[in-house]
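Close look at the chain arrangement
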Amino acid sequence: MPAAQSRPDGGAGTWTQPADVRAAVRKKWDSGALLARFAGGHHWEPLAIPIRGPSARQIGERLAEVRQWAAQWAEAARGAWLDGYEETWALLKVGPGVRRLNELMEAASGTRLIPWLTCHPMRALRLANDWDQLLATVRWIEQRQAPGMYLRQIDVPGVDTKFVERYKGVLTELLDAQLDPSRVEAAAPDFAGRYGFLRKPGYVRFRAAGGFRGFSELSVRTKEIAAAPDGITRAYVIENEITYLAFPVPEAAMVIFGGGYAVSVLELLGWLTDLDVMYWGDIDTHGFAILNRLRHHLPHARSMLMDRTTLLGHRDHWVTEPSPTAAALDRLDRAESSLYADLISNAYAPSVRLEQERISFAAVRKAVTGC
């Protein structure tokens, strides 16, 4: 330890105590720095901890206090002088934790996970109770995963999809370290896609004029509907389910249930770019946000019954939007942007919302048929 540093203007309360040094060592343990060096096989290095002691003047003026302070250090030196890791573990009473880390490293022998353990020893200890399952999951995915599997098919005792979801952060780090890079799709937006598992499929639910192959309504996996039904030139995207079911579908048209922000599944339907697309959602801030999102994929999409005339004509049916957004929307036309700004600024009333199911059906018919 370095030589004592004096502070001439301080009293006995400013002198470094053995407990202060123990606290400094404890801090290095809590940060994981000490355990990481030990786990990485690095030799012990002395810890540089500054010590403040009495000045020459204080020795003369407060001799009794100085003797007591020196006695504390003499006692500490006999029992806790740190010449290596073992003395440090004994001082901090952390031997069980060190032994547990050794057990975790032994369990991971033969894998590429040792560097992760040595870099994150404190996280490893926090995960110790689940380490066997985490390790078994990584090994199962590496050795037994086959194309076309869902996460649900991981067959490890004590592991289910809830477990994977709860620990997907650390599993991502472990799998990235263990798997061959060719098996990691780094650009994937989710855990399943990153490691080659099937995602829950998206579905498009629709009705078509005159029905479709004998069905009045179908719900089809988005990846499996490669084209619009024959003869369809227009698609209406409707947010409310009952409104979608009651919607008067005109000739050569289909109506698709959008389901709020679930319109993202429509991004997989490339054939929509060849249709005249009409979007109808609630007149509120989130309704315009969904329209804006849809236009990022279908810039030609037009809105329906989302205008100022419709809003003001149904004043008696307004409700309050529970959690309005004020996000910047870059795909609205001038009239839509103006109305969106009025909604944000509470120009008519606080958090105005006109849900599409509250709009008169006569207005719906007129918007669809023109009469």
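1. Some details on the overall build of the chain
- Each helix and strand in the chain was counted, giving 17 helices and 10 strands.
- Computed over its C-alpha atoms, the radius of gyration of the chain comes to 34 Å, more than 25% above the 21 Å expected for a compact globule of 371 residues.
- Seen through its principal axes, the chain has C-alpha atoms that stretch 105 × 55 × 30 Å.
- Looking at the chain residue by residue over its 371 residues, the buried ones come to 42%.
- Expressed as a percentage of contacts within the chain between residues at least 6 apart in sequence, the contacts between residues at least 24 apart total 68%.
- Of the roughly 20200 Å² that the chain leaves accessible, carbon and sulfur atoms contribute 52%.
- Treating the 44 positive side-chain charges of the chain as one cloud and the 43 negative ones as another, the clouds have centres 3 Å apart.

2. Structural notes on the sheet that holds strand S4 (residues 218-221)
- Sheet architecture is open: six strands sit in the order S4-S3-S6-S5-S7-S8, paired in mixed fashion. Because the sheet does not close on itself, it has two edges, and the strands there are S4 and strand S8 (302-303).
- For strand S3 (residues 203-208) and S4, the ladder comprises four bridges, and the chain directions are antiparallel. Bridge pairing in S4 links Val204 to Val220.
- Sitting on the sheet, helix H14 (residues 285-297) touches strand S7 (276-280) and S8, and the angle it makes with S7 is about 160 degrees.

3. Some points on the confidence of the model for the chain
- Averaged over all residues, the pLDDT of the chain equals 88, while 91% of them reach at least 70.
- Here strand S1 (residues 4-6) is the element of the chain with the lowest mean pLDDT, 42, and helix H16 (residues 334-344) is the one with the highest, 98.
- In the model, residues 1-9 has pLDDT below 50 throughout and makes 21 contacts with residues more than four positions away in sequence or in other chains.

4. So, the layout of surface pockets
- Approximately 410 Å³ is the volume found for the largest pocket.
- Arg199, Lys200, Pro201, Gly202 and Lys223 are the residues nearest the centre of the largest pocket, which is lined by 15 residues in total.
- Along the lines of polarity and charge, the residues of the lining of the largest pocket split into six nonpolar, three polar and six charged.

5. Some points on the side chain of Ser351
- In this structure, Ser351 sits in the loop between H16 and strand S10 (352-353).
- Discounting chain neighbours no more than four positions away, the residues touching Ser351 are Val319, Thr320, Glu321, Pro324 and Asn346.

6. Digging into the pattern of salt bridges
- Using the criterion set out here, one finds 18 salt bridges in the structure.
- With a closest N to O distance of 2.5 Å, Glu217 and Arg205 form a salt bridge. Of this pair, Glu217 sits in the loop between S3 and S4 while Arg205 sits in strand S3, and the two are 12 residues apart along the sequence.
- With a shortest N-O distance of 3.9 Å, Glu267 and Arg293 are connected by a salt bridge. Within this pair, whereas Glu267 is found in the loop between strand S6 (253-257) and S7, its partner Arg293 is found in helix H14, the two being separated by 26 residues in sequence.
- A residue is classified by how much of its surface remains accessible, and Glu267, at 37% relative accessible area, is partly exposed.
- Judged by relative accessible area, Arg293 falls into the partly exposed class, the value being 35%.

7. Looking at the packing of aromatic side chains
- Counted under the stated rule, the structure contains 13 aromatic pairs.
- Consider the rings of Trp29 and Trp89, whose centres lie 5.5 Å apart with planes at 70 degrees: the pair is edge-to-face. Here Trp89 lies in helix H5 (residues 85-92) and Trp29 lies in helix H1 (residues 18-30), a separation of 60 residues in the sequence. Trp89 carries the same exposure label as Trp29, and that label is buried.
- Aromatic side chains Phe163 and Tyr167 sit 4.9 Å apart centroid to centroid with 55 degrees between the ring planes, which places their arrangement in the tilted category.
- Here Phe163 falls in the buried class, since its relative accessible area comes to 3%.

8. A few points about the pairing of S3
- Pairing of S3 with S6, which is carried by three bridges, proceeds in the antiparallel orientation. What sits directly across from Phe206, in S6, is Ile256.

9. Re unusual backbone geometry
- Not every positive phi belongs to a glycine, and Ala252 is a case in point at roughly 60 degrees.
- With respect to the helices, strands and loops of the structure, Ala252 is situated in the loop between helix H13 (241-246) and S6.
- Backbone geometry at Leu305 places phi at a positive 55 degrees, although glycine is not the residue there.

10. Considerations on the environment of Asp20
- Note on placement: Asp20 falls in helix H1.
- The exposure class assigned to Asp20 is partly exposed, which follows from its relative accessible area of 39%.
- Sequence spacing of Asp20 and Lys223 is 203 residues, and the spatial spacing of their C-alpha atoms is 64 Å.

Conventions used here
- Residues numbered from 1 in each chain as written.
- Predicted model: local features only at pLDDT ≥ 70, side-chain atom pairs only at ≥ 80, totals over all residues.
- Heavy atoms only, no water.
- Helix = DSSP H or I, 4+ residues; strand = E, 2+ residues; numbered from the N terminus.
- Rg over C-alpha atoms; globule rule 2.2 N^0.38 Å.
- Buried < 20%, exposed > 50% of the residue type's maximum accessible area, 1.4 Å probe, protein only.
- Contact = heavy atoms within 4.5 Å.
- Areas by Shrake-Rupley, 256 points an atom, 1.4 Å probe, with all protein chains shown as cover.
- Lys, Arg positive; Asp, Glu negative; His and termini not counted.
- Charge placed at Lys NZ, Arg CZ, Asp CG, Glu CD.
- Pairing = 2+ DSSP bridges.
- Axes fitted to C-alpha atoms, helices over the stretch in contact; angles between N-to-C directions.
- pLDDT = per-residue confidence, 0-100.
- 1 Å grid on protein atoms, 1.4 Å probe; cavity = no way out; pocket = protein on both sides within 12 Å on 5 of 7 lines; lining within 4 Å.
- Points joined across faces, edges and corners; volume = space filled by probe spheres on them.
- Nonpolar A, V, L, I, M, F, W, Y, C, P; charged D, E, K, R; others polar.
- Salt bridge = Lys/Arg side-chain N within 4 Å of Asp/Glu carboxyl O.
- Phe/Tyr/Trp six-rings, centres within 6.5 Å; stacked < 30°, edge-to-face > 60°.

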